[in-house]
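# Structural description and commentary
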Amino acid sequence: MDAHLINKYNIPGPRYTSYPTVPYWDTDLFTVDRWIDTLQRSFAETNNNSGISVYIHLPFCESLCTFCACHKRITKQHNVEAPYIDTLLKEWQMYCDVLGSRPQIKELHLGGGTPTFFSPENLKRLIESLFASADIAAQPEFSFEGHPNNTTQQHLKALYELGFRRVSFGVQDYDPRVQKTIHRIQPFEKVKEVTEAARNIGYESISHDLVFGLPHQTWESMKNTIEKTKLLQPDRIAFYSYAHVPWIKGVGQRGFGENDLPSAELKRALYERGKNLLEEKGYVEIGMDHFALPSDSLYKAIQNKTLHRNFMGYSSSYTQVMIGLGMSAISDSWYAFAQNDKSVEAYTARVKEGRLPVFRGHILSEEDLVVRRHILNIMCNLETSWKEKAMQLPEIPQIVNRLQEMQQDGLVTLKKDGLKVTEAGRGFVRNVAMAFDLRLLRKQPETRIFSMTV
């Protein structure tokens, strides 16, 4: 990739798991009652057809990974499991009461934190209790994030028996120096063991998460990581850009500094050369930062133009409603977003009081909904169109004007009523989406709030 383009476009920008992005939510106009109204509306529109998604945030980790920007709680005390599950189930029951009829679960994801911090018995109790108040949609997609060091045969079997068919293992990097710096020590043999165990049990999609741009990474270490990953042939590979956001309260990015990170040019080279290596072995690039074998449902979704993106990342199934359970979880009714309290204590206290543990949110305007569709199209399908009336905005001429320079640089192809991201523009897809981000354009942040785009 051209070093000039990297320097030109490597600016702070959102990852667009939502629009508007969280820093631009209009929290003053948000109320829990309005959130419930939008949720009930969206549920009535879609539950009988597409069903709903459920994300469960399980925040506990036994040790701190210093590259992590997730909301988590570090503890070795496993007596936190049972009361946290009790709180999750009370929150779920409150949502079932709000919805008024049994939800049909299409997609379920356990994220963290470390979901496999919880014992197989406690995870089974959580999921079985959840299912007692719901129906399961046809061809559901149930997945969880597993830590290779503590995901046991019992975890894999228990969740498989409950309908889980996809698991994602956080690998990050196999280089000993990198692992030590990010405080994530896990040998290849352990990843191999748990990957093969999942495959033998019958999991249909196994994903490995790799991260480029970590402290002390070199091409030699990145190449070694990818070569080892290819030996295990995961069905999907998430090849994430490390987001250096040490200014955010509560993140674990300590123990290394800016000088330990690869330069912007090297960081992008790690991705480009890594991408070439993956494609040589049959992996196909999906959206942004994701790769899949042609046999995986994520690849089929991109072929059928049904790929979706939400707070859980890329998904091969689309639902209009996503309910987030647990500390810091975000819910999405399509017409509104709602985020739970960010601490275990505040989250628990609010649920015990019999209230939904929502502390902020955003009600989408008509303009927001149109912009959201455009950004989803760009992030998922690398193209969008404003030919249809429902996709038109008064600001389209200004948006096109902002994209002219990207077209001159070969990153997009502009047509009369739409655009397509070129192959060269894939690495700059966040920048393309930013051209549509009217809230960001109208009010630039006064401080650094986003990671770098390249």
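Since the model is a prediction, treat every value here as computed from it, not as a measurement.

### Quick look at helix H5 (residues 153-161)
Taken residue by residue, H5 has His155, Leu156, Ala158 and Leu159 as its buried positions. Buried residues belonging to H5 abut strand E4 (104-112), helix H4 (120-131), strand E5 (135-146), strand E6 (166-172) and helix H7 (188-201). Looking at the residues trailing H5, positive phi occurs at Gly163, about 105 degrees.

### Considerations on the sheet that holds strand E17 (residues 383-385)
Ordered by their spatial adjacency, three strands build an open sheet running E17-E19-E18, and the pairing between neighbours is antiparallel. Bordering the open sheet on either side are E17 and strand E18 (412-415), each of which pairs with just one other strand. Direction aside, the axes of adjacent strands within the sheet are offset by 10 degrees on average. Pairing of E18 with strand E19 (residues 418-421) involves four bridges; the strand directions are antiparallel. Pairing of Leu414 across the sheet is with Leu419, part of E19. The strands that helix H12 (residues 366-381) touches are E17 and E19; relative to E17, the one it contacts most, it runs at about 150 degrees.

### Some points on the environment of Arg442
Its location among the elements puts Arg442 in helix H15 (residues 438-442). Beyond its immediate chain neighbours, meaning those up to four positions away, Arg442 contacts Glu367 and Glu395. Polar side-chain contacts of Arg442 include one of 3.1 Å to the side chain of Glu395.

### Considerations on the pattern of salt bridges
The full count for this structure, using the stated rule, is 24 salt bridges. Glu423 is the salt-bridge partner of Lys275, the closest N and O atoms lying 3.1 Å from each other. Of this pair, Lys275 sits in helix H9 (residues 264-280) while Glu423 sits in the loop between E19 and helix H14 (429-434), placing them 148 residues apart in sequence. One network of salt bridges, with partners in common, ties together Lys275, Glu285, Glu423 and Arg426.

### Some points on helix H2 (residues 32-46)
Between its first and last C-alpha, H2 extends 21 Å over 15 residues, near the 21 Å set by a 1.5 Å rise per residue. Every buried residue of H2 is accounted for by Trp35, Ile36, Thr38, Leu39, Ser42, Phe43 and Thr46. One face of H2 carries all of its buried residues, which in axial projection span an arc of 165 degrees. Residues Asp33 and Ala44 are exposed on H2 and point more than 90 degrees away from its buried face. Among the structural elements, strand E1 (52-58), helix H3 (81-99), strand E13 (321-325), strand E14 (330-332), strand E15 (336-340) and strand E16 (358-363) are those in contact with the buried residues of H2.

Each value, and the rule that gives it
- Residues numbered from 1 in each chain as written.
- Predicted model: local features only at pLDDT ≥ 70, side-chain atom pairs only at ≥ 80, totals over all residues.
- Heavy atoms only, no water.
- Buried < 20%, exposed > 50% of the residue type's maximum accessible area, 1.4 Å probe, protein only.
- Helix = DSSP H or I, 4+ residues; strand = E, 2+ residues; numbered from the N terminus.
- Contact = heavy atoms within 4.5 Å.
- Pairing = 2+ DSSP bridges.
- Axes fitted to C-alpha atoms, helices over the stretch in contact; angles between N-to-C directions.
- Polar contact = N/O pair within 3.5 Å; in protein donor to acceptor, adjacent residues only side chain to side chain.
- Salt bridge = Lys/Arg side-chain N within 4 Å of Asp/Glu carboxyl O.
- Expected span 1.5 Å × (residues − 1).
- Arc of directions from axis to C-beta.

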